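Residues per chain are reported as follows:
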Amino acid sequence: MSIEPILLIHGGAGDITDARVPGKLGGMKKALRSAIEHLIPPSGGEGSSLNAVEAAVRSMECDENFNAGYGSCLNLDGKAEVEASIMEGDKLRAGCVTLIHDIMHPISVARYVMQKTQHTFLGGVAAQKFALDQGFEQMTDGSLVTDDARRALQEFKERQAKGLDTIFARTELDAEKRDPKEKETIGESGSTVGAVAIDSKGDIAVATSTGGITGKVAGRIGDTPLLGCGTYADNKIGGVSTTGHGETIMRFNLAQKILSKIQYGNKTAQQATEEACKEMTERLVGTGGAITIDARGNVGIYWTSKRMAYAYIKGNKLIYGINNDEQFEEDL
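For clarity, every value in this text was computed on a predicted model and none was experimentally measured. Counting starts from 1 at the beginning of each chain's written sequence and moves along it residue by residue. Under the rules for a predicted model, residues below a pLDDT of 70 receive no local features and side-chain atom pairs below 80 are neither given nor counted, while totals for whole chains, interfaces and linings still include all residues. Side-chain figures throughout are based on the complete set of non-hydrogen atoms in the structure, without hydrogens or water.

### Quick word on the packing of helix α7 (residues 254–265) against helix α8 (residues 269–284)
Test applied: Under this scheme, a helix contributes an axis fitted over its contacting stretch, all axes are lines through C-alpha atoms, and angles between N-to-C directions fall in the 0 to 180 degree range. Secondary structure is summarised from DSSP: a helix means a run of H or I of at least four residues, a strand means a run of E of at least two, and numbering begins at the N terminus for each. In what follows, roughly perpendicular refers to angles from 65 to 115 degrees, roughly parallel to angles under 35, roughly antiparallel to angles over 145, and oblique to any angle outside these ranges. If you view the pair so one helix is near and one far, a crossing is left-handed when the near helix is turned anticlockwise from the far one by less than a right angle, and right-handed when it is turned clockwise. Residue contacts are counted whenever heavy atoms from the two residues lie within 4.5 Å of one another.
In the contact formed by α7 and α8, the axes pass within 8 Å of each other and the chain directions differ by 135°. Classed by the angle they form, the pair α7 and α8 counts as oblique. Of the two elements, α7 crosses α8, and the hand of that crossing is right-handed. Note on element contacts: α8 touches α7 through A269, A272, T273, E275, A276, C277, E279 and M280, opposite L254, K257, I258, K261 and I262.

What follows is the structure in structure tokens.
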């Protein structure tokens, strides 16, 4: 049975300020329009969900409005350590990378791990060497670092020095000043970018990429490269990409929780996504969100954070939003 192709992306969930909303929405539209030709070829024929999710994430990795690739958050040493994962739902192949630096597209490195090695996960020095051996460009030190990322790290260190709460560190990097006495909203942390797609053959693919959280200790690994937490795809059930507070998401195993509700609880994609996100925050305080497409092509979108940027293309419509109480639609 032929399925209507869908490409669904997110641009991060968390404490997204008003100043960052236009850039998020514009960047997601650009990513969708650049990637949709991989899912629905203009010349006809079958598209590829795997190519589509990689292309969408690559676009956002180049955009400083997102915490992935260029624009990534900085660790305590002032470095951008990035990570990513990609998975296809037919044979459950996957590639994951973590703790690599000065490489623009960690999502493509992850795909190379999936397709050119017998392994699933590479990290640190080994992952960096693998990327360079495969021809990825080693950019100059600090090329992925933006002024906003530097300011966010400085703010983090100042708050830390004053003994203020930094457990849920910011990942939304803008110059909008906040009251230094203002306490972080509990659980409002986490950005990341991700994409889920289903093609006309019913093949599901998921890709997720992130720069992590501001002020993380060097060597910290989040949920993004962990299968079942930040990313999972299974043609028989569905695909999920998550975003939010990494420590919370990985402890709750959010992606798998959503898919289990679909598989064993007979929940719709929307019901499963909403229930799992709410249960996670009720249990662990930290917030987050997820985007889901089930095996029948139904979409699920939900978050417990202040905001989550999302957008998708279905048919000839582009649907997008960032606030709980509003959604927009426009023709392609």
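### Looking at the sheet that holds strand β1 (residues 6–14)
As a reminder, the rule being used: Following DSSP output, two strands are said to pair if at least two bridges run between them.
Spatially, the nine strands line up as an open sheet ordered β4-β3-β2-β6-β5-β1-β11-β12-β13, and their pairing is mixed. Both edges of this open sheet fall to β4 (121–123) and β13 (328–331), since each of them pairs with a single strand only. The average undirected angle you get between the axes of adjacent strands in this sheet is 10°. Direction of pairing for β1 relative to strand β11 (residues 307–314): antiparallel, over a ladder of seven bridges. Directly across from G14, in β11, lies its bridge partner R307.

### Description of the packing of aromatic side chains
What counts here: Centre distance within 6.5 Å is the pairing criterion for rings of Phe, Tyr and Trp, where only the six-membered ring of Trp is used; planes under 30 degrees apart are then read as stacked, over 60 as edge-to-face, and the remainder as tilted. Partly exposed describes any residue whose relative accessible area lies between the buried limit of under 20% and the exposed limit of over 50%, with all areas from a 1.4 Å probe on protein chains only and scaled to the type maximum. Throughout this description, the term charge over a ring refers to an Arg CZ or Lys NZ atom that lies within 6 Å of the ring centre and within 35 degrees of the ring normal.
Scanning the model with the defined rule gives three aromatic pairs in all. Aromatic pair W303 and Y310: ring centres 5.8 Å apart, planes at 40°, arrangement tilted. The two residues W303 and Y310 agree in class, both being buried. When the ring centre of F252 is taken as origin, the NZ or CZ atom of K257, which lies over that ring, is 4.4 Å away.

### Points about unusual backbone geometry
Apart from glycine, the bulk of residues carry a negative phi angle, and the bulk of peptide bonds sit in the trans form. Phi at D102 takes a positive value of approximately 55°, unusual for a residue other than glycine. For V285, which is not a glycine, the phi torsion comes out positive at approximately 75°. Inspection of the secondary structure assignment puts V285 in the loop between α8 and β9 (288–294).

### Remarks on the sheet that holds strand β7 (residues 231–234)
Spatial ordering of the open sheet is given by β7-β8-β9-β10, a layout of four strands whose pairing is antiparallel. The sheet terminates laterally at β7 and β10 (299–303), the two strands that pair on one side only. Each strand axis lies, on average, 10° off the axis of its neighbour in the sheet, ignoring direction. In the sheet, strand β8 (residues 238–244) pairs with β9 via seven bridges, with the strands oriented antiparallel. Residue pairing for β9: G239 is matched across the bridge by I293.

### Looking at the nonpolar core
For clarity, the cut-off: Residues grouped as a nonpolar core are buried Ala, Val, Leu, Ile, Met, Phe, Trp, Tyr and Cys residues, joined through side-chain atoms within 4.5 Å.
Counting residues in hydrophobic clusters, the biggest one holds 49 residues, and the most contacted among them are L7, I9, M28, V53, I86 and V109. The greatest single-element share of this core, amounting to eight residues, is contributed by helix α1 (residues 21–39). C229, A233, A272 and I293 belong to the second-largest nonpolar core, a separate cluster that totals 37 residues.

### A look at the side chain of S72
Rules: Between N or O atoms, a polar contact is any pair within 3.5 Å; within protein, one atom must be a potential hydrogen donor and the other a potential acceptor, and residues adjacent in sequence are included only when both atoms are from side chains.
Following the sequence through the fold, S72 ends up in the loop between α2 (49–61) and β2 (82–88). In terms of polar contacts, S72 uses its side chain to reach the backbone carbonyl oxygen of G69, at 2.7 Å.

### Quick notes on the side chain of D102
Stated precisely, the cut-off is as follows: Two residue types count as positive, namely Lys and Arg, and two as negative, namely Asp and Glu; His and chain ends fall outside the count. We count a salt bridge whenever a side-chain nitrogen from Lys or Arg sits within 4 Å of a carboxyl oxygen from Asp or Glu.
On the secondary structure map, D102 appears in the loop between β3 (94–100) and α3 (106–116). Buried within the structure, D102 lacks any salt-bridge partner; its nearest side chain of opposite charge belongs to K79, at an N-O separation of 6.5 Å. A distance of 3.0 Å separates a polar atom in the side chain of D102 from a polar atom in the side chain of H101. For D102, the side chain forms a polar contact with the main-chain nitrogen of G142, separated by 3.2 Å. Apart from residues lying up to four places away in sequence, D102 is in contact with E137, Q138, M139, T140, D141, G142, S143 and L144.

### A short note on the pattern of salt bridges
If you walk through the whole model with that rule in mind, you get 18 salt bridges. D133 serves as the salt-bridge partner of K129, at 2.8 Å between the closest nitrogen and oxygen. Placement of the pair is K129 and D133 together in helix α4 (residues 124–133), with a separation of four residues, close to one helical turn. An identical accessibility class is assigned to K129 and D133; each is exposed. The shortest N-O distance in the salt bridge between R150 and D147 comes to 3.0 Å. Here R150 pairs with D147, and both are found in helix α5 (residues 147–161), just three residues apart, close to one helical turn.

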